[in-house]
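Now for the letters of each chain:
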Amino acid sequence: MIDWHHILGEHKQSVWSTIYRILGNEADTADCFQDTFIDALEFSKKQRVKNFGPFLTRIATCRAIDRLRGRYRKPNQVTLAQAEEIGVLKSLDCPAGEIQKQESSEILLEALASIDSTEAEIFCLKHLDDLSYSEIADITGLKENNIGVMIHRTKNKLKVFLEKSEYGTKDIY
Amino acid sequence: MNTNEDILAKAVNDLKNRTKESTVPQSVLERTASWLGVSQRSRTVFTKSIFSPSLAAAIVLIAALAIIYVVSDKFNNDSVAWAQVKEQFQKINFVHSYSVHSNLSTRGDGAEAWYIDGVIYLKENGKITKDNGITEMTYDFSGKFLSQKPSEMNGIMLNKDASLFDVLTQGILEYRSQEISAANPSYIGEDLLIYKFNAPESMKDWVSTITITVGRNSKLPVYMKMYRDTPQSEEFEIYIFDYELYDLPEIIKTILAK
């Protein structure tokens, strides 16, 4: 029988951090934290889990992104597609120094909530949780090459989103 | 001037740095451990959605019983015999419960629930459902069988071998013993005892306070008030409990016999 108390003790902080960095508040993080472990337990009743670390990280990321999408799913919210459609191009020469710390990360979160959830998930696993391509491949069932392509594509989307926010620049395009 | 690559990298770093000061609160750990414990012992896994205001009346009504059980379990005040309340409550194999809103409307379509020997009967929306924890069977008011489906009560909730109340109290309501032991009777009368409690953690989004009125002689809960956590704090629901088997409607007797 799986020792869930041991697993909880071993992975509590990494799971908490994974969720907290996306959601940024304790109440939402606490909810997702519990859901993550319950989801993992439910899954483990049906299938064997090889490595709980990356597995829990993935569930935590998915849960957090779901919650994030709900947070941004409001009337009149401008998505990336809508922004492109209506051409919401802001000042092109806004210095990056004007970007405030919280604002740039909030914009990134908004972008992650707007793009395809699998792309957001893979991006977070790679860049926020520092999982290797191999670990991501193991827990998602995707090929490493596909993951590389997806991350590259996602980064470009995110950069476009940043660019189209009023804080971004367009220097590299 | 930075490139968008730099801006993206900076945003990523900012998010990564967000967590430096944040650690898992002890209360969240305890609650998660409790959920895992209950879910691991169960054939099915609990989800938190099992206890929310939108739930079917039966679950809310039965959960209301569980709240009383928890209160009686954890509260220790010899002068008002809470231990006897618990003892009496554990003997119960029949409870009839229904709720009334503070605006005097009944819950849903006049929903009522009966807990009889481990089976829940719910009268709601022109139908009767009989749920033994494994299968939920639906009948119309003439007693004609309409349909059946797997129970939404996760199999174990009504299992006689497992304590319904343990499942609800440990897995769903998550009462902390400190909350209960810190409570004092808000009223002691000749006939009634009234206790006031903060809402359990899992209900804090929609309930602010719970008061439970107990018959001093019977040692059984008479009714429970759940105050909604709304700007209009006067809004509440009353859950009424009675223990008289003679009250059973004919249709329930008919279905009971099936």
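Residues numbered from 1 in each chain as written. Chains lettered and ligands numbered in written order. Predicted model: local features only at pLDDT ≥ 70, side-chain atom pairs only at ≥ 80, totals over all residues.

Chemist: Could you give an account of the overall build of chain A, naming the residues involved and the relevant values?
Modeler: In terms of helices and strands, chain A carries eight helices and zero strands. The linear arrangement of helices and strands in chain A, starting from the amino end, is α-α-α-α-α-α-α-α. Sorting the 173 residues of chain A into buried and exposed places 42% on the buried side. When contacts within chain A are restricted to residue pairs at least 6 apart in sequence, those whose partners lie at least 24 apart make up 74%. (Helix = DSSP H or I, 4+ residues; strand = E, 2+ residues; numbered from the N terminus. Buried ≥ 20, exposed ≤ 12 C-beta atoms within 10 Å, placed from the backbone. Contact = placed C-beta atoms within 7 Å.)

Chemist: Lay out the overall build of chain B in plain terms, naming residues and giving numbers.
Modeler: Within chain B, the secondary structure is distributed over seven helices and 11 strands. Within chain B, buried positions represent 36% of all 258 residues. For chain B, the proportion of contacts with a sequence separation of at least 24, taken over those separated by at least 6, is 48%.

Chemist: Could you give me a rundown of unusual backbone geometry, with the residues and numbers involved?
Modeler: Even without being glycine, Asp130 of chain A reaches a positive phi, approximately 60 degrees. For Asp130 of chain A, a count of 10 C-beta atoms within 10 Å gives the class exposed.

Chemist: Provide a residue-level description of the pairing of strand E8 (residues 192-198) of chain B, including the pertinent values.
Modeler: Residues and elements named next belong to chain B. Alternating positions in E8 separate cleanly, Leu193, Tyr195 and Phe197 being buried on one face and Leu192, Ile194, Lys196 and Asn198 remaining unburied on the opposite face. Pairing of E8 with strand E9 (residues 207-215), which is carried by seven bridges, proceeds in the antiparallel orientation. Residue pairing for E9: Lys196 is matched across the bridge by Thr211. (Pairing = 2+ DSSP bridges.)

Chemist: Tell me what's going on with the nonpolar core, and back it up with residues and numbers.
Modeler: Counting residues in hydrophobic clusters, the biggest one holds 48 residues, and the most contacted among them are Ile19, Leu108 and Leu112 of chain A. The set of elements that each furnish at least two residues to this core consists of helix H1 (4-23), helix H2 (26-46), helix H3 (52-72), helix H5 (101-114), helix H6 (117-128), helix H7 (133-140) and helix H8 (144-164) of chain A together with helix H1 (4-17) of chain B. Mapping this core onto the domain boundaries places at least three of its residues in each of domain 1 (1-77) and domain 2 (78-173) of chain A. Apart from the residues within four sequence positions on either side, Leu108 of chain A is in contact with Leu158 of chain A together with Ala11, Val12 and Leu15 of chain B. Grouped together as the second largest cluster of nonpolar side chains are 22 residues, Ala113, Ile128, Val207 and Phe241 of chain B included. (Core = buried A, V, L, I, M, F, W, Y, C linked by C-beta atoms within 7 Å. Domains from an automatic or database assignment.)

Chemist: Explain the confidence of the model for chain B to me, using residue names and the numbers behind them.
Modeler: All names here are of chain B. Confidence in the prediction of chain B, expressed as mean pLDDT, is 66, and 50% of residues score 70 or more. Scored below 50 in pLDDT, residues 43-57 makes 30 contacts in the model with residues more than four places away or belonging to other chains. Contacts of residues 72-83 to residues separated by more than four positions or lying in other chains number 20 contacts, the stretch itself having pLDDT below 50. (pLDDT = per-residue confidence, 0-100.)

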